[in-house]
Amino acid sequence: MELEETARGSMRVNLSQLIKIVLAIVLAQAIYWYGIDRYVFQAPPPAGLARIEITRTELAKLAKPTLADAARAKYAAVELPFTDCCASASFAVRMHFNLDTVPEKGLGVLSTLQVDNYILRANGSTIVAQGRMVPGRQSFHGQKTFVTRIPSGLLHTGDNELTYITLRDGFPYTDIMPPLIAEYDALSAYAARRLWIMGDYPLLGGMVLGLLGLFGALMVTRTDDKPFAVWLSLLCGAWTAYALYGALLDPPFNGWGRMMVYFALILFIPVALLCFLDSWTRQPLRHLRTAALVVYASMIAAVAWLLFKTPMPGAYDYPVTIWIWALMGFAVLTLARIMLHFLTVREDRIAECAILSVCVVAILFDGLGQWLPDLGLDELNLMSAAPFLMLAMVAAFIARNFTLFRSQSNLNALLQSKIALREAELAQAHAREQELVAKQAHEAERRRIMQDIHDGLGSQLMSMMLSARLGEAEPAKVAEGLQAVIDEMRLMIDSMDSVGESLDAALATFRARVQPRIIAAGYAFEWTQRNAVDLPGYGPRDVLQVFRILQEAVTNALKHSGGSALYVTVGQETDGAVFISISDNGKGGAGVGDAGRGLSNMQNRAQSIGGRFTMDSPDGGGTHVALLLPPVLEKAA
């Protein structure tokens, strides 16, 4: 009953705690999205930029992304933005703009392209040409956004020309948007925040998360909460790898391999966040992390098959769909895991949970932003939020767990409270174990008494009743039967009474009870026990088994021996084993007839305590039974 009440109590909804965590989550969301994200990542660029408009755009598809192919290509007018799908492709795009005057510091160009790499020329002079422009072996410098400077010496009044030569191999889409052209200093100031968010901030965030991941890896060897440290390290490592992915412009694999790495990273982050939070609860759900990793492996297998075995654009679009649903699905699961934890467990780490909830909502926003572009949600919410949130998370963890700078009295008080809590838990567990053992002992005792009543009293009374019905109830036989019933009842009553907590006490009780009974039956009685006998330190249950074996042996001797004397000897063998023997000077044959059942009972009881029961009963030579108990050291082992 107590166990059932404890189980029900652990699952009882704690409404007060739930209200606290909901309020903390709302507060954390408001602080981040309206206090940090809005003013750091979503702030509009400064107004008043004097943009230079593009007057005409022409495009040509190239066989090779080279200057020579671009020079002899045939161009056709095109409207920007321009998108092409689905095979690998190279293009040359010429854009014209007019200048009334040439700025002293030249112009700045902020290119907006979705290509692997590109060459940029201004009025026939190359101003950007980084990495390789070789299909299948290209670098990915086109993924980096920066302000390109066109020196004033390359510009002139009137019509000017910008030419982009692009390469895309692997990713199915080529996207060319109009560049932003303005006076260099003005454009640099205008784009500073955007470039910091897209370039320097991911690298800085990756470094911070990398250090936190290293901290988690070091914690694995220092903390008892190893799953928490492992998943902290893996989560921060995944974020760091994603940041490095954007900065690694010349990886040792082609565009297809780069897409595979990309999906492996972005799919692992929501999985790692769910597993990290499950470990953080200290009461992880059974098989949850295993199931999450199995789902992740299945998604990666599906993405690999789609990328390398299906035609474009489905080879890319279907993995994106898997990623979007994985983001939203794991975000919902993680939020549900938070709510389940705070509904069922008393928890004081509310601030940490509120911080984690912002990570979850950032994942959800990333998924919704991809699925419903009209919502206007940025697709880098999680990467933007991760450094802030993980720093706050680790700071809360350190504040809660590290006590290096606490006073000695505080440390002693903390340790004492933990010891007291542990002692209370152990006391409760011990009480539950004792109660369970007592119930098992009572149940075993009940079954034994019922069996004794059935096999002993029941069979004897039934035999007497049948004799009476058949007219064979002679007074002597009835008296003998009633005496047997009385003896059996005495044995049962004695076995239900306490015999002491030790074997020595049980032997003293046994002698006190059987000696009057033996003498009243007309037998001489002799008890021999050496003072130096080292009796085994049995518990109460084993002591009771020894007591019952001796009772059964005396009862059999009185009923079946036909002798005139009983001898009990307690001694010790040379190897330390203790023996207790009961002998009579009767006619022998105590192992046959009605005594057969008793002999079997005594043998079973001796085996249950690791002892050995023997009987020697030659015809006409009395009966000698012995209980051999193993040495004290052997029993303790």
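Since this is a predicted model, take the numbers as computed values, not measurements. (Residues numbered from 1 in each chain as written. Predicted model: local features only at pLDDT ≥ 70, side-chain atom pairs only at ≥ 80, totals over all residues. Heavy atoms only, no water.)

Caption draft 1: Structural view of unusual backbone geometry. Following Cys 85, the chain continues to Cys 86 via a peptide bond in cis, the omega torsion being 25°. The peptide bond linking Met 312 to Pro 313 adopts the cis configuration, its omega dihedral lying at 5°. On the secondary structure map, Pro 313 appears in the loop between α7 (288-309) and α8 (314-344). Within the chain, Arg 282 stands out as a residue other than glycine whose phi angle is a positive 70°. Its location among the elements puts Arg 282 in the loop between α6 (255-280) and α7. You can call Arg 282 partly exposed: its relative accessible area is 46%. Look at His 287: it is not a glycine, yet its phi comes out positive at around 70°. Mapped onto the elements of the fold, His 287 is located in the loop between α6 and α7. (Helix = DSSP H or I, 4+ residues; strand = E, 2+ residues; numbered from the N terminus. Buried < 20%, exposed > 50% of the residue type's maximum accessible area, 1.4 Å probe, protein only.)

Caption draft 2: Structural context of the sheet that holds strand β17 (residues 624-629). The 5 strands are arranged β13-β14-β15-β17-β16 in an open sheet whose pairing can be described as mixed. Because the sheet does not close on itself, it has two edges, and the strands there are β13 (524-529) and β16 (612-616). Along the sheet, successive strands turn relative to each other by an average axial angle of 10°, direction set aside. Across the sheet, helix α13 (residues 503-520) is in contact with β13, β14 (565-572), β15 (578-584) and β17; its angle to β13 comes to roughly 165°. (Pairing = 2+ DSSP bridges. Axes fitted to C-alpha atoms, helices over the stretch in contact; angles between N-to-C directions. Contact = heavy atoms within 4.5 Å.)

Caption draft 3: Local environment of the pattern of salt bridges. Across all of its chains, the model carries 10 salt bridges by this definition. The closest approach of N and O atoms between Arg 56 and Glu 58, which form a salt bridge, is 3.8 Å. Arg 289 is the salt-bridge partner of Asp 278, the closest N and O atoms lying 3.6 Å from each other. Of this pair, Asp 278 sits in helix α6 while Arg 289 sits in helix α7, placing them 11 residues apart in sequence. On the basis of relative accessibility, which here comes to 0%, the residue Asp 278 falls in the buried class. When salt bridges that share partners are traced, they join Arg 56, Glu 58 and Arg 94 into one network. (Salt bridge = Lys/Arg side-chain N within 4 Å of Asp/Glu carboxyl O.)

Caption draft 4: Just the packing of aromatic side chains, in detail. Under the definition given, this model contains 19 aromatic pairs. Both rings, one in Phe 171 and one in Tyr 173, keep their centres 5.9 Å apart while their planes meet at 65°; by these two values the pair is edge-to-face. Ring geometry for Trp 196 against Tyr 201: centres 5.1 Å apart, planes inclined by 50°, an arrangement best described as tilted. Taking relative accessible area as the criterion, Tyr 201 reaches 6% and is therefore assigned buried. By the ring-pair criterion, three or more aromatic residues cluster together here, those being Phe 171, Tyr 173, Tyr 242, Tyr 245, Tyr 262, Phe 263, Tyr 316 and Trp 323. Lying across the ring of Tyr 75, Arg 94 places its NZ or CZ 3.6 Å from the centre. The side chain of Arg 149 reaches across the aromatic face of Tyr 184, ending 4.7 Å from its centre. (Phe/Tyr/Trp six-rings, centres within 6.5 Å; stacked < 30°, edge-to-face > 60°. Lys NZ or Arg CZ within 6 Å of the ring centre and 35° of its normal.)

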